[in-house]
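# Descriptive structure summary
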Amino acid sequence: SFYYGTFPAGFLWGVGSSAYQTEGAWDKDGKGPSIWDAFTHKKGKVFRNETGDSACDGYYKVKDDIQLLKELKVNHYLLSISWPRIMPTGIKAEQLNEKGIQFYNDTINSLLENNITPIVSLYHWDLPQVLQEKYGGWQNISMINYFNDYANLCFEKFGDRVKHWITFSNPWAVAEKGYETGEHAPGLKLGGCGAYKAAHHIIKTHAKVWHSYNNTWRREQRGMVGISLTSGWGEPVDPHSQTDRDAAERYIQFHLGWFANPIYRGDYPEVMKNYVGRKSAQQGLGTSRLPTFSVQEKTYIKGTSDFLGIGHFTTRYVLQKNFPFLQVSSYHTDHDLAELVDPNWPAPGPKWLYSVPWGFRRLLNFIKTQYGNPLIYVTENGVSETMQCPQLCDEWRIQYLKGYINEILKALNDGVNVRGYTAWSLLDKFEWNKGFSERFGLYHIDFKNKNKPRYPKASVDYYKKIISANGFPNPREVENWHRKAMDTCSATHQHLAADSLITHMEMVTEIVLPTVFTLCILISIVLLIFYLRNHS
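Going by the annotation in an unreviewed UniProt entry, the name recorded for the protein is Cytosolic beta-glucosidase, with Rhagologus leucostigma given as the source organism. Check the Sequence similarities (unreviewed entry) section of the UniProt entry for the protein; it says "Belongs to the glycosyl hydrolase 1 family. Klotho subfamily."

This is how it looks when you write it as structure tokens:
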């Protein structure tokens, strides 16, 4: 049932995005190539071979986008820094890019001038390509020191103004999609080992950066360093079946616990160690494919998060499924489970993203119980659409935001320590291997128009009302928000349609007029030749 009420005073409302997905300017002003530049420039890696080369042109539109944040009346904006933009090869001793550093300085200053708090992620997947080519990226332990140098440069240059730092955004996807399935950059398929090795190095890197901040910068800058972990919720198909309950527990531990358990409890989840260890032994391996932490490393890693960022999008029903013994090992067969969905769950966009708000409250309560009720910021939550024509009246996104935000309110009443919410995302943007076919934005972008104009969807108006009211005051008011949001989007849709027609006409003019002009010249030349021949 829906719960009417308001959030505590001081609750933070915001939106987020990431560097590679929005900035564009992939090779401008001294920026070095990232693994995503290299990956998207290979044919067949991304839907329709699209790239983030220009993305939303966010590099050139900082002031415009901050105006959108002001329109939304958000308290904070979650952005990421592109490592190769400020350190082209990823190696501090080799080269710094002052223009890149200036870009982020200007962005941070503009946000603060407009009373918007920057929450900054150091890594949203765009590893410098040089580090991938030279060392194998996150497969190599040397990344720990290179990343720590980069993080310390960021603390030095921006830490006087940035007080909320995220070391890694959704490292599960970096490890699993980058080094297990190869769906994401760098596109490696190192089945059964690659993801575990990458995650191991990422966790150790996170801890090193936290200690660097703690020892060198905290006293002077008084900021916080956390990590942002993305996880769905796993619900047992039969809550009365112990095997299904165990399978659902494994689902969470192999997603969230993989990273959260070492940081909050000092080691990988027992169930992960048991399952991967047993499967490794069955394959005749002398040691587990899941690496181990030494006693010193466990102590060093435990407690290295001032807050926990949580990304959450959807839920699955989970049941036990035994995979037969396979010579080919895989992260996906290690946990012996199958995932199901309820066909009645709304799925407005891609096939993976079902709207199941009640799963969010359960996930938040799981975190409270498992990890000692840490301070939580919701760092990513939203829904995408896959329709090809513009969808400004995004009724389904309004229902999604309303449902999921309401579950956070219920979780607060359960005693969960949530301090802020970040809607994902500000703009329609480049969605990794899906290209521009999935759109998460509160603002629509017409990517066919070279100026890439932004248009508010109905959800902008609705989210703005939630922020202003700090929650859901009463049924009549909330219903009124919905009606007004849908009215507003109809007018915006007409504006977009008119702009699209003008853009189409401009494109036609740009192509047709020069072509006609060229043809006229050619015909004139041919006629002139005929005329001269006839008169000679």
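The subject of this paragraph is the overall build of the protein. What the protein contains, in helices and strands, is 17 helices and 15 strands. At 25 Å, the protein has a C-alpha radius of gyration in line with the 24 Å of a compact globule built from 536 residues. The contacts of the protein with a sequence gap of at least 6 include a subset with a gap of at least 24, amounting to 76%. Of the side chains in the protein, 58 bear a positive and 53 a negative charge, and the two mean positions are spaced by 2 Å.

All told, the structure shown has 53 aromatic pairs when counted by the stated rule. Their ring planes at 70 degrees and their centres at 6.1 Å tell us that Tyr123 and Phe147 sit as a pair that is edge-to-face. Taken together, the residues Tyr123 in the loop between strand S4 (117-121) and helix H6 (129-135) and Phe147 in helix H7 (residues 143-158) connect sequence positions 24 residues apart. The exposure class of Tyr123 is buried, given its relative accessible area of 1%. On the numbers, 6.4 Å between centres and 85 degrees between planes, the contact of Phe366 with Tyr371 is edge-to-face. Judged by its relative accessible area of 6%, Tyr371 is buried. Among the aromatic residues, ring-to-ring pairing joins Tyr20, Trp36, Phe39, Trp125, Phe430, Trp432, Phe436 and Phe447 into one connected group. Positioned above the aromatic ring of Phe103, the side-chain terminus of Arg85 is 5.9 Å from the ring centre.

Counted under the stated rule, the structure contains 30 salt bridges. In this structure, the salt-bridge partner of Asp27 is Lys28, at a minimum N-O distance of 3.1 Å. The shortest N-O distance in the salt bridge between Glu297 and Lys204 comes to 2.9 Å. Taken together, the residues span a long stretch of sequence, with Glu297 in helix H12 (residues 295-301) and Lys204 in helix H9 (residues 194-221) at a distance of 93 residues. Here Glu297 falls in the partly exposed class, since its relative accessible area comes to 24%. A cluster of three or more residues bridged by salt bridges with shared partners is formed by Glu385, Asp394, Arg397, Asp428, Arg439 and Lys457.

Let us look at the packing of helix H10 (residues 242-265) against helix H11 (residues 270-282). It is the contact of H10 with H11, at a shortest axis distance of 9 Å, that shows an interaxial angle of 105 degrees. By the angle between their axes, H10 is roughly perpendicular relative to H11. In this structure, H10 uses Arg250, Gln253, Phe254 and Trp258 to contact H11, whose residues at the interface are Val271, Met272, Tyr275 and Val276.

Spatial strand order, S2-S3-S4-S5-S6-S8-S11-S12: eight strands in a closed barrel with parallel pairing. This sheet shows a mean twist of 25 degrees between the axes of neighbouring strands, independent of strand direction. Along the sheet face, H10 touches strand S6 (224-230) and strand S8 (308-311) and points at about 155 degrees away from the line of S6.

What follows covers the pairing of strand S2 (residues 12-16). The buried fraction of S2 is high, at five of five residues. The alternating pattern of S2 places Leu12, Gly14 and Gly16 and Trp13 and Val15 on opposite faces, both of which are buried. In the sheet, S2 pairs with strand S12 (residues 418-424) via five bridges, with the strands oriented parallel. Along S12, the bridge assignment pairs Gly16 with Trp424. Where S2 and strand S3 (residues 76-80) come together, three bridges link them in parallel fashion. Bridge pairing in S3 links Gly14 to His76.

A separate point is the UniProt feature "active site" (unreviewed entry) in the protein. Following the UniProt record, the feature "active site" (unreviewed entry) maps to Glu380 here. Summarising the element assignment, Glu380 is placed in strand S11 (residues 376-381). On the accessibility criterion, Glu380 (7% relative accessible area) is buried. Discounting residues that sit within four places of it in the chain, Glu380 has contacts with His124, Ile310, Gly311, His312, Phe313, Thr422 and Trp424.

Considering the arrangement of structural elements, one finds Lys452 in the loop between strand S13 (443-445) and strand S14 (454-456). Here the side chain of Lys452 touches Ser54 through a polar contact of 2.7 Å, side chain to side chain. Those residues in contact with Lys452, other than ones at most four positions away along the chain, are Ser54, Ala55, Cys56, Asp57, Lys61, Ile445, Asp446 and Phe447.

To continue, consider unusual backbone geometry. Most peptide bonds are trans, and most residues other than glycine sit at a negative phi. A cis geometry characterises the amide bond from Ala185 onward to Pro186, with omega recorded as 5 degrees. Of note, the bond from Trp424 into Ser425 is cis; its omega dihedral lies within 30 degrees of zero at 10 degrees. Here Ser425 shows up in the loop between S12 and S13. Even without being a glycine, Ala55 presents a positive backbone phi close to 45 degrees.

Two orientations exist for strands paired in a sheet by backbone hydrogen bonds: parallel and antiparallel. Taken in spatial order, the three strands make up an open sheet running S7-S9-S10, and their pairing is mixed. In this open sheet, the two strands that pair with only one neighbour each are strand S7 (233-236) and strand S10 (337-340). Averaged over all adjacent pairs, the angle separating strand axes in this sheet is 40 degrees, with direction ignored. Sheet topology places strand S9 (residues 315-320) next to S10; four bridges connect them, and they run antiparallel. Residue pairing in the sheet places Leu319 in a bridge with Ala338 of S10. Sheet contacts for H10: S7, S9 and S10; angle to S9, the most-contacted strand, approximately 130 degrees. Contacting S7 and S9, helix H14 (residues 358-370) crosses the sheet at an angle of about 100 degrees to S7.

What counts and what doesn't
- Residues numbered from 1 in each chain as written.
- Predicted model: local features only at pLDDT ≥ 70, side-chain atom pairs only at ≥ 80, totals over all residues.
- Heavy atoms only, no water.
- UniProt positions renumbered as here; feature names shortened; annotations may be inferred.
- Helix = DSSP H or I, 4+ residues; strand = E, 2+ residues; numbered from the N terminus.
- Rg over C-alpha atoms; globule rule 2.2 N^0.38 Å.
- Contact = heavy atoms within 4.5 Å.
- Lys, Arg positive; Asp, Glu negative; His and termini not counted.
- Charge placed at Lys NZ, Arg CZ, Asp CG, Glu CD.
- Phe/Tyr/Trp six-rings, centres within 6.5 Å; stacked < 30°, edge-to-face > 60°.
- Buried < 20%, exposed > 50% of the residue type's maximum accessible area, 1.4 Å probe, protein only.
- Lys NZ or Arg CZ within 6 Å of the ring centre and 35° of its normal.
- Salt bridge = Lys/Arg side-chain N within 4 Å of Asp/Glu carboxyl O.
- Axes fitted to C-alpha atoms, helices over the stretch in contact; angles between N-to-C directions.
- Parallel < 35°, antiparallel > 145°, perpendicular 65-115°, else oblique.
- Pairing = 2+ DSSP bridges.
- Polar contact = N/O pair within 3.5 Å; in protein donor to acceptor, adjacent residues only side chain to side chain.

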